[in-house]
Amino acid sequence: MSKHYQAVVVGTGVAGVMAAKKLVEAGVKTLILEAGKRLNREELVKISRATARWDSMAPYPAAPHARHADPIGDPDYITSTKKSYDTSYVRHAGGTTWHWGSVSWRFIAKDFKLKSHYGIGRDWPIGYDDLERFYSEAEYEMGVSGTEIPHIDSPRSQPFPMAPLQFTYMDKVLEKPLESLGMKLYQEPVSRNSRAYDNRPSCCGNNNCIPICPIGAQYCADMTLEKVLKMGADIRYNAVVNRLEDDEQGNITGLFYLEPDGREYKVTADHYILSANAIETVKILLNSKTKHSPTGIANQNDLVGRNLMDHPHIYATFDCDFPVYAGRGPVGITGITQFMDGEFRKSMAAKKFSILNGNHLESVAEQLIDKGYIGEALNKEIARVATHRFSSYVQHEQLPDPNNRIYLSDKKDFLGLPMPVVEWSVEDYVVKSAEHSRDLYHQIAEKIGAKVHVEMHMGSDAHTLGTTIMGNNEHDSVVDKNCAAHAHKNLFLNGGTVFSSASSVNPTLTIGALGLRVGEHVAQLLKHNKQAA
């Protein structure tokens, strides 16, 4: 007979490992299930260097049994209707923190109460203060380098674990012209070491953070997973969770997973925590059609998969009359933060500008070869154009809309499981803000004396949020303030999937903080139940 656990955690991205950390620290008998395998950094670096691809997913080929969103390597996994949803994520141990840019913002306090402050969107059933100590704990676990920004309303009980990385030459060149436009540059908080920390070396400026930090100076959830396993958690790799079962009282009574050969196994536990990202979690729930939940687990009101949010972005390339030498140091250090909050949110989306520090050698070389450059003339022109070019992007807040959704396709994967379909569009609230962002880019170009090309793509920023949205009312949300499914009190949905708003900032630190909060809550429930017994 299969071993019974007190808690089962599905997924080993930052949401899952943070929840598991809290559970094992409290002595909870915990099983972790991971759809993919354990990865090796050295092997990933070799793959990255050998491949002709140069994108975030390049070193992460999916296993046949656990396909993942990869617009270049597997464009057929997600079917997009309406607007293309070109997201990506990694289904292996550590999840997408293998290839992320490590940007680790806290939400602004008002991000949790949009409806109350600005009359748009919706409020979370929790506030900033409910997450603050978990933010601090996540920052220390992930190793965040940062500095306080005076106008950002994210009060702290603990200082940043590390000082920020220093401005690059490019940042120093751009700082004063931007400031004259009222756009002050600040270092973005990042889970990247500015000094040796937690057995990780200091960043040495490889400029290869995406797709893989070659030396491990940047946090990956696999690092916390290693600690959790040493503390005694059990784990099963290549375990693709495909469905849950429930009883007439709404209790989850079992979880089923498939191994690569198609064999199905059942796991039982007191509590179940799905941390499988905002698309894969929806797939599991909608595939779990039972006698008691005929439309899928937690889907009694047809809300599972709805209210999809992301950070639609635009991208700008600047060609300057002076050298900026982008590519020295990590891929991004600084951002413009003044548009992250304000009364303007009543009519258009909040946003965050990031100044990118990637080198442009590949794209410049391709453009010049297409123009007919060869030999030494090509080399000289690459050197000139690449050193004079930098780029930037703006990610925009998106509001929850039940028409933006994920559901199951008739198409099946290797294991016979339905693949995801995404219906996604970008509302006028975002478009208006993006048009303002474009105008600001042209102002910046005029001020610094540069030519600018702005791409109004407004695609996914690979920040899939809100698909099992959190709320107080079971009629307009999927989970309660503790991330417990309204209809299934021993089922917890964990990660960006429960967000009630998207903010304008990267979600990973908030996902980590919520994971810690969920793990602590489940551990307390188990302790209370034991005492009551």
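Just above sits the structure.
Along each chain, numbering runs from 1 in the same order as the chain's sequence is written. In view of the model being predicted, local features appear only for residues whose pLDDT reaches at least 70, and side-chain atom pairs are presented and counted only at 80 or more, with totals across whole chains, interfaces and linings using the full set of residues. To get the side-chain values, all heavy atoms of the structure are used, and hydrogens and water are removed first.

> Whenever I open this one, the overall build of the protein chain confuses me. Can you help?
What counts as a helix is a DSSP run of H or I of at least four residues, what counts as a strand is a run of E of at least two, and both are numbered from the N terminus. Secondary structure assignment for the protein chain yields 11 helices and 17 strands. Taken over C-alpha atoms, the radius of gyration is set against a globule rule of 2.2 Å times the number of residues to the power 0.38. For the protein chain, whose C-alpha radius of gyration is 23 Å, the value lies close to the compact-globule estimate of 24 Å for 533 residues. Per-residue accessibility, obtained with a 1.4 Å probe over protein chains only, is compared with the maximum for each type, and a residue is labelled buried under 20%, exposed over 50%, and partly exposed between these values. Going through the 533 residues of the protein chain one by one, you find that 59% of them count as buried. Counting only contacts in the protein chain whose residues sit at least 6 apart along the sequence, the fraction spanning at least 24 positions is 73%. A 1.4 Å probe and the Shrake-Rupley method give the accessible areas. Residues count as covered only by the protein chains that appear here. Taken as a whole, the protein chain presents about 20600 Å² of accessible surface, with 50% of it coming from carbon and sulfur. Between the mean site of the 58 positive side-chain charges and the mean site of the 63 negative ones, the protein chain shows a separation of 3 Å. We call two residues in contact whenever any of their non-hydrogen atoms come within 4.5 Å of each other. Positive charge is attributed to Lys and Arg, negative charge to Asp and Glu, and no charge count is given to His or to the chain ends. Every charge is mapped to an atom, namely NZ of Lys, CZ of Arg, CG of Asp or CD of Glu.

> Would you take a moment to explain the environment of Gly146 for this structure?
Within the secondary structure, Gly146 is located in the loop between helix 4 (128-142) and helix 5 (169-180). Residue classification places Gly146 among the buried positions, given a relative accessible area of 7%. Spatially, the C-alpha atom of Gly146 lies 8.0 Å from that of Pro161, the residues being 15 residues apart in sequence.

> Is there a simple way to think about the sheet that holds strand 9 (residues 313-320) in this case?
Think of a sheet as strands paired side by side through backbone hydrogen bonds, with each pair either parallel or antiparallel. Here we have six strands laid out as an open sheet, ordered 4-10-11-12-9-15, and antiparallel in their pairing. Each edge of the open sheet carries a strand with a single partner, namely strand 4 (185-187) and strand 15 (450-459). On average, adjacent strands in this sheet sit at an angle of 25° to one another, irrespective of strand direction. Note on pairing: two strands pair once DSSP finds at least 2 bridges between them. Across six bridges, the pairing between strand 11 (residues 351-356) and strand 12 (residues 389-396) is antiparallel. Across the sheet, the residue bridging to Phe353 is Val394, located in strand 12. To obtain each axis, a line is fitted to C-alpha atoms, and for helices this fit is confined to the stretch in contact; angles are then taken between N-to-C directions over 0 to 180 degrees. Docked against the sheet, helix 10 (residues 428-448) engages strand 9, strand 11, strand 12 and strand 15, running at close to 165° with respect to strand 15.

> Would you mind going over helix 10 with me for this structure?
Think of an α-helix as turning once every 3.6 residues; residues three or four places apart then point the same way. The end-to-end C-alpha separation of helix 10 is 30 Å, in line with the 30 Å expected for 21 residues at 1.5 Å each. Where helix 10 is concerned, the buried positions are Tyr429, Val430, Ser433, Ala434, Ser437, Leu440, Tyr441, Ile444, Ala445 and Ile448. For helix 10, the buried positions fall inside an angular range of 145° around the axis, keeping them on one side. Away from its buried face, by an angle of more than 90 degrees, helix 10 presents the exposed residues Asp428 and Glu446. Here, expected helix span is obtained from the residue count minus one, scaled by 1.5 Å. Arc definition: it is the arc formed by the directions from the helix axis to the C-beta atoms.

> I tried to follow the packing of aromatic side chains on my own but got confused; where do I start?
Working definition: an aromatic ring pair is given by the centre-to-centre distance plus the angle between the planes. Whether two aromatic rings pair depends on their centres lying within 6.5 Å, for rings of Phe, Tyr and Trp, where Trp uses its six-membered ring; planes under 30 degrees apart make the pair stacked, over 60 edge-to-face, and the rest tilted. With the rule as written, the count across this model stands at 14 aromatic pairs. When the ring of Phe112 is compared with that of Trp124, the centres are 4.9 Å apart and the planes differ by 65°; the resulting orientation is edge-to-face. Here Phe112 is found in the loop between strand 3 (79-82) and helix 3 (114-118), whereas its partner Trp124 is found in the loop between helix 3 and helix 4, with 12 residues between them in sequence. Each member of the pair, Phe112 as well as Trp124, is classed as buried. When the centroid spacing of 5.8 Å and the interplanar angle of 50° are considered together, the rings of Phe339 and Phe353 count as tilted. Here the residue Phe339 occupies a position in the loop between strand 10 (332-336) and strand 11, and Phe353 occupies one in strand 11, the gap between them amounting to 14 residues. Each of the two residues, Phe339 as well as Phe353, counts as buried. Within the aromatic cluster, the residues linked to one another by ring pairs are Phe107, Phe112, Trp124, Tyr128, Tyr135 and Phe499. Arg156 extends its terminal NZ or CZ atom over the ring of Phe160, reaching a point 3.7 Å from the ring centre. The criterion is that NZ of a Lys, or CZ of an Arg, lies within 6 Å of the ring centre and within 35 degrees of the ring normal, and then a charge sits over that ring. One residue, Lys184, lies across the ring of Tyr186, its end atom 5.4 Å from the ring centre.

> When you look at the pattern of salt bridges in this model, what are you seeing that I'm missing?
Side chains that differ in sign of charge can pair as their charged atoms come close. The rule for a salt bridge is simple: a side-chain nitrogen of Lys or Arg has to be within 4 Å of a carboxyl oxygen of Asp or Glu. This model, assessed by the stated rule, comprises 37 salt bridges. Its salt-bridge partner being Asp261, residue Arg263 comes within 2.7 Å of it at the nearest N-O pair. Among the ionic contacts, a cluster of salt bridges with common partners joins Lys21, Lys22, Glu25, Arg133, Glu137 and Glu520.

> What is the right way to look at the nonpolar core in this model?
Buried together is how nonpolar side chains tend to be arranged in soluble globular proteins. The nonpolar core is taken to be a set of buried Ala, Val, Leu, Ile, Met, Phe, Trp, Tyr and Cys residues, with the residues joined through side-chain atoms within 4.5 Å. Val8, Phe390 and Leu491 are the most contacted members of the largest nonpolar core, which totals 134 residues. Looking at this core, the element that brings in the most residues is helix 11 (residues 508-532), giving nine residues. The contact partners of Val8, leaving out residues within four places of it in the chain, are Leu31, Leu33, Leu255, Val267, Ala269, His271, Tyr272 and Ile273. Grouped together as the second largest cluster of nonpolar side chains are nine residues, Leu39, Tyr60, Ile212 and Cys220 included.

> Looking at this structure, how should I read the packing of helix 1 (residues 14-25) against helix 6 (residues 221-230)?
The description of two packed helices rests on the angle between their axes and on the distance between the axes. At a minimum axis separation of 9 Å, helix 1 and helix 6 run at an interaxial angle of 25°. Our classification of the angle between helix 1 and helix 6 gives roughly parallel. Judged by the sense of rotation from one axis to the other, the crossing of helix 1 with helix 6 is left-handed. Facing Val14, Val17, Met18, Ala20, Lys21 and Val24 of helix 1, the residues of helix 6 in contact are Ala221, Thr224, Leu225 and Val228. Angles below 35 degrees are treated as roughly parallel, those above 145 as roughly antiparallel, those between 65 and 115 as roughly perpendicular, and all remaining angles as oblique. Crossing chirality is assigned from the near helix's rotation relative to the far helix, an anticlockwise turn below a right angle marking it left-handed and a clockwise turn marking it right-handed.

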